[in-house]
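Take a look at the letters that make up each chain.
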Amino acid sequence: MNDTFMKERPVFPLILSMAMPMVISMLVNSLYNIVDSFFVAQISEDAMTALSLVFPVQNFSNAIAIGFGIGISSQIAICLGAGNKETASKAATHGLALSALHGILLTVICISIMPKFLSVFTSDENVSSLGVRYSTIVFLFAIVTTINLAYEKIFQGVGNMKVTMIGLMVGCVSNILLDPLMIFGLGPFPAMGIEGAALATGLGQVLNLVFYLIVYKMRPIQVQISRRYLHPDKSLASRLYSVGIPGALNLALPSVLVSALNGLLAAYSQSYVVILGIYYKLQTFVFMPASGLTQGAMPIMGFSYGAGNGKRLQHTLSISLRVCFVIMAVGCVLFMAAPEWLLGLFDASEEMLAIGVPALRIISVSFLPATIGFILPTMFQSMGQGGYSLAVFLLRQLVITLPAAAILSGPFGLTGIWASFILAESVAAGAAFLFYEKLRKSDPVLE
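Residues numbered from 1 in each chain as written. Predicted model: local features only at pLDDT ≥ 70, side-chain atom pairs only at ≥ 80, totals over all residues. Heavy atoms only, no water.

**A few points about the overall build of the chain**
- Within the chain one finds 17 helices and 0 strands.
- Compactness check: the chain gives a C-alpha radius of gyration of 21 Å against a globular reference of 22 Å for 447 residues, within 12% of the reference.
- Its C-alpha atoms put the chain at 60 × 50 × 35 Å along the principal axes.
- In the chain, which comprises 447 residues, the share counted as buried stands at 59%. (Helix = DSSP H or I, 4+ residues; strand = E, 2+ residues; numbered from the N terminus. Rg over C-alpha atoms; globule rule 2.2 N^0.38 Å. Buried < 20%, exposed > 50% of the residue type's maximum accessible area, 1.4 Å probe, protein only.)

Below, the structure written as structure tokens:
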């Protein structure tokens, strides 16, 4: 995508052309998560419970990779908007090298902590064993995942969303096809059970990365990844981490939230832990398309900010808010109208339906204020203001939700825990608006 296209094309068709590939790829990814859980559920309820308990750490690992990738994408877009392709190439190269280092660290740390982590949430030795067996294989592929996501964000930073859409679909479709073959031992494959699900996930990431490498070699983009850009640059590294660390924490906070809520819910029943895990997988059908929208909008916002075009930046913001609200409203209606059908996708028992139906209906109300919590932090990140973005997500995922869930669970039981989602999203939306007003008055680009 060339600079003229980013500067001159009308914002609405531009944001659609960049966001729609990401929305499609996020929906495919959501489908994979559902299908993966469906196949694992066929192994046993213990396997499904193990997957739910591993999910927070797995999500935390991915959050670090994606969050730092947001820092890479943001810097590339800002530099290209300012016409500085040399620095954009440095950002891409440094970002890729640091992502590889993150992958090595994640492999070592996550594999080593999983046995102790699982023991905190379950005393069932079979569940713990299944969780360790699954997570060990998944985290052996962590370096592949971090490099893969770095390439994804580099392509997004230059506005090439179609490549990332195809890349994500390659990985997801590969996972979907490999899951039944490796779990149940179809054809020439041995029956590997839960290890097969983990290996299918890892191989999908490998194929995704191979695709990106082929495209990068065959179709050069505005930025170059080269050894000559690897000399130390503290200022550039600082800018990458100033957005990357908040971005990673923003995405990792849900993992912390899930782990803490699992602790609260385990006091009631193991089934409540499973319901929360199912909710977060169903939630991806709503939040992932919204995330795809933000990933499509961020390069436009960053490019516009780098070019000093505040009017175009705010027009992109306005359109993004409206489109995101539609996505969230549709999700809310679906969760309200058909919770039984959604839970039925996971072979929910009568007991799980009795717990899950009111849970989905209550939490879905939080989708509406979450519109602001999604889009305004995206603008903050595109401007290099990662701190404001982090503050909003802290309110959404930690500062409000956990204390509210603990306090409200006393007089209102499970209903109080589910209602804490609504309270947190509403408070975070208000804070995001206040941050936006502060930036609008202090940043000359937005005046």
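**Describing the packing of helix H10 (residues 270-306) against helix H13 (residues 350-364)**
- For the pair H10 and H13, interaxial distance at closest approach is 10 Å and the crossing angle is 45°. The angle between H10 and H13 places the two elements in the oblique class. At the point where H10 passes H13, the crossing takes the right-handed sense. For the pair H10 and H13, contact is made by Ser271, Tyr272, Val274, Ile275, Ile278, Tyr279 and Leu282 and by Glu351, Met352, Ile355, Gly356, Ala359, Leu360 and Ile363, respectively.
- Of the residues assigned to the contact of H10 with H13, the class counts are 11 nonpolar, 2 polar and 1 charged. (Axes fitted to C-alpha atoms, helices over the stretch in contact; angles between N-to-C directions. Parallel < 35°, antiparallel > 145°, perpendicular 65-115°, else oblique. Left-handed = near helix turned anticlockwise from the far one by under 90°. Contact = heavy atoms within 4.5 Å. Nonpolar A, V, L, I, M, F, W, Y, C, P; charged D, E, K, R; others polar.)

**Some remarks on the environment of Pro299**
- Here Pro299 lies in helix H10.
- Excluding anything up to four places from it in sequence, Pro299 contacts Met6, Met18, Ala77, Gln156, Gly157 and Met161.

**Side note on the packing of helix H4 (residues 85-121) against helix H5 (residues 125-140)**
- Across the interface, H4 lies against H5 with an axial gap of 9 Å and an inter-helix angle of 170°. As far as their axial angle goes, H5 and H4 are roughly antiparallel. Residues Thr107, Cys110, Ile111, Met114, Pro115 and Leu118 of H4 pack against Ser128, Gly131, Val132, Ser135, Thr136, Phe139 and Leu140 of H5.
- The residue makeup of the contact of H4 with H5, split by class, is 8 nonpolar, 5 polar and no charged.

**Here we look at the pattern of salt bridges**
- The final tally for this structure, using the stated rule, is 6 salt bridges.
- With a closest N to O distance of 3.5 Å, Lys153 and Glu152 form a salt bridge.
- The exposure class of Lys153 is buried, given its relative accessible area of 2%. (Salt bridge = Lys/Arg side-chain N within 4 Å of Asp/Glu carboxyl O.)

**Brief notes about the packing of aromatic side chains**
- Tallied over the full model, the rule gives 14 aromatic pairs.
- Ring centres 6.0 Å apart and planes at 75° place the aromatic pair Tyr279 and Phe421 in the edge-to-face group. Here the residue Tyr279 occupies a position in helix H10, and Phe421 occupies one in helix H17 (residues 414-442), the gap between them amounting to 142 residues.
- We classify Tyr279 as buried; its relative accessible area is 2%.
- On the basis of relative accessibility, which here comes to 8%, the residue Phe421 falls in the buried class.
- By way of ring pairs, the aromatic residues Tyr279, Tyr280, Phe287, Phe335, Phe367, Phe374 and Phe421 are connected into one cluster.
- The aromatic ring of Phe374 is capped on one face by Arg396, whose charged end is 5.2 Å from the ring centroid. (Phe/Tyr/Trp six-rings, centres within 6.5 Å; stacked < 30°, edge-to-face > 60°. Lys NZ or Arg CZ within 6 Å of the ring centre and 35° of its normal.)

**Digging into the side chain of Thr93**
- Here Thr93 is to be found in helix H4.
- Here the side chain of Thr93 touches Ser226 through a polar contact of 3.3 Å, landing on its backbone nitrogen.
- If near-sequence neighbours (up to four positions away) are discounted, Thr93 is found in contact with Gln224, Ile225, Ser226, Tyr229 and Leu230. (Polar contact = N/O pair within 3.5 Å; in protein donor to acceptor, adjacent residues only side chain to side chain.)

**Brief notes about the environment of Asp179**
- Structurally, the position occupied by Asp179 is in helix H7 (residues 161-184).
- Each C-alpha atom of the pair Asp179 and Leu251 lies 26 Å from the other, and the pair is 72 residues apart in sequence.

**With respect to the nonpolar core**
- Formed by 130 residues in total, the largest nonpolar core has its most connected members in Ile76, Met328, Met379, Trp418 and Phe421.
- Looking at which element gives the most residues to this core, the answer is H10, with 18 residues.
- Apart from the residues lying within four places of it in its own chain, the contact partners of Trp418 are Leu265, Leu276, Ala359, Ile362 and Ile363. (Core = buried A, V, L, I, M, F, W, Y, C linked by side-chain atoms within 4.5 Å.)

**Some details on helix H15 (residues 386-399)**
- Along its length, H15 reaches its greatest deviation from straightness, about 30°, at Phe393.
- When we look at burial in H15, the residues that qualify are Gly386, Tyr388, Ser389, Leu390, Val392, Phe393, Leu395, Arg396 and Gln397. (Bend = angle between axes of the 7 residues up to and from the residue.)

**Overview of the confidence of the model for the chain**
- Summing up the model confidence of the chain, the mean pLDDT is 87 and the portion of residues at 70 or higher is 96%.
- Helix H1 (residues 3-8) is the least confidently modelled element of the chain, averaging 67 in pLDDT, while helix H11 (residues 310-337) averages 94, the highest of any element. (pLDDT = per-residue confidence, 0-100.)

**Some thoughts on the environment of Asp347**
- Here Asp347 is to be found in the loop between helix H12 (339-344) and H13.
- Residue classification places Asp347 among the exposed positions, given a relative accessible area of 51%.

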